[in-house]
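Survey of secondary and tertiary structure
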Amino acid sequence: MQTRRGFIDYSLDKRATLLALFRGVVDACDADPYLMRAAKYHGEKAERKCPVCKKDGLVELRYTFGDQLGQFSGRIKNGAELAEMEKEFGEFSVYVVEVCRECSWNHLCSTYLLGDGRERKAPRRQRTLEDEDFASLK
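What you see is a predicted model, and the numbers here were worked out from it, not measured in a lab.

Criteria and cut-off values
Residues numbered from 1 in each chain as written. Predicted model: local features only at pLDDT ≥ 70, side-chain atom pairs only at ≥ 80, totals over all residues. Heavy atoms only, no water. Helix = DSSP H or I, 4+ residues; strand = E, 2+ residues; numbered from the N terminus. Areas by Shrake-Rupley, 256 points an atom, 1.4 Å probe, with all protein chains shown as cover. Expected span 1.5 Å × (residues − 1). Buried < 20%, exposed > 50% of the residue type's maximum accessible area, 1.4 Å probe, protein only. Arc of directions from axis to C-beta. Contact = heavy atoms within 4.5 Å. Pairing = 2+ DSSP bridges. Phe/Tyr/Trp six-rings, centres within 6.5 Å; stacked < 30°, edge-to-face > 60°. Lys NZ or Arg CZ within 6 Å of the ring centre and 35° of its normal.

**As for the overall build of the protein chain**
Across its full length, the protein chain holds four helices and six strands. In sequence order, the secondary structure elements of the protein chain are arranged as β-α-α-β-β-β-α-β-β-α. Only carbon and sulfur atoms are counted for the fraction: they give 50% of the accessible area of the protein chain, which is about 9200 Å².

**Let's talk about unusual backbone geometry**
Backbone geometry places Lys54, a non-glycine residue, at a positive phi of 65°. Looking at the element boundaries, Lys54 is found in the loop between β2 (44-45) and β3 (58-65). If you check the backbone angles, Ser104 has positive phi at about 70° while not being a glycine. Within the fold, Ser104 resides in the loop between β5 (92-100) and β6 (106-114).

**Brief notes about helix α1 (residues 11-23)**
In an α-helix there are 3.6 residues to a turn, and that puts residues three or four apart on one side. Taking 1.5 Å per residue, 13 residues should reach 18 Å; α1 reaches 18 Å between its end C-alpha atoms and fits that length. Here α1 has its buried residues at Lys14, Thr17, Leu18, Ala20 and Leu21. In a view along the axis of α1, the buried residues occupy a sector of 165°, so they form one face of it. Opposite the buried face of α1, by more than 90 degrees, sit the exposed residues Leu12, Arg15, Phe22 and Arg23. At its buried positions, α1 is contacted by β5 and β6.

**Remarks on the pairing of β6**
When strand β1 (residues 5-9) meets β6, the two strands line up antiparallel, connected through three bridges. Across the sheet, residue Arg5 finds its bridge partner in β6, namely Leu113. Note that β5 and β6 share eight bridges and pair antiparallel. Its bridge partner being in β6, Val94 is matched across the sheet by Tyr112. Remark: five residues form the turn of the hairpin made by β5 and β6, two consecutive strands paired antiparallel; Ser104 in that turn has positive phi of roughly 70°.

**Details of the packing of aromatic side chains**
This model, assessed by the stated rule, comprises three aromatic pairs. Summarising the aromatic geometry, the rings of Phe65 and Tyr95 are spaced 5.6 Å apart at their centres and angled 85° between planes, so their arrangement reads as edge-to-face. Here Tyr95 lies in strand β5 and Phe65 lies in strand β3, a separation of 30 residues in the sequence. When the centroid spacing of 6.2 Å and the interplanar angle of 85° are considered together, the rings of Phe89 and Phe92 count as edge-to-face. Each of the two residues, Phe89 as well as Phe92, counts as buried. Positioned over the ring face of Tyr112 is Arg4, at 4.3 Å from the centre of the ring.

In structure tokens form, the structure reads like this:
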């Protein structure tokens, strides 16, 4: 990704959380069921093992947020989609979360900004199946 900027690495926080976990002070293996489901269907396999259970079930999720994304803010994207999006949008944030599908470990790894820097309006709202479901409840 060519336009990556404002990179923040949370490895020191991860290290402190792991130390507290191994001392028995906190229970950090508490991933939300929705996060576990997202990891199962959308996670990209990480090149490292889980720091807690040492198994190969560690995956990464990349959440995208930004005003210019409109209704598509908060979606999970893979690397290829992010490369395409950085040419289409001026600025948006990416949050990389690691999740272990074996022991439910989860932690925010890093955040950064992507985009070409040009201000754009959010895309026009498109009707989705979710909108149809809510309309039928009324």
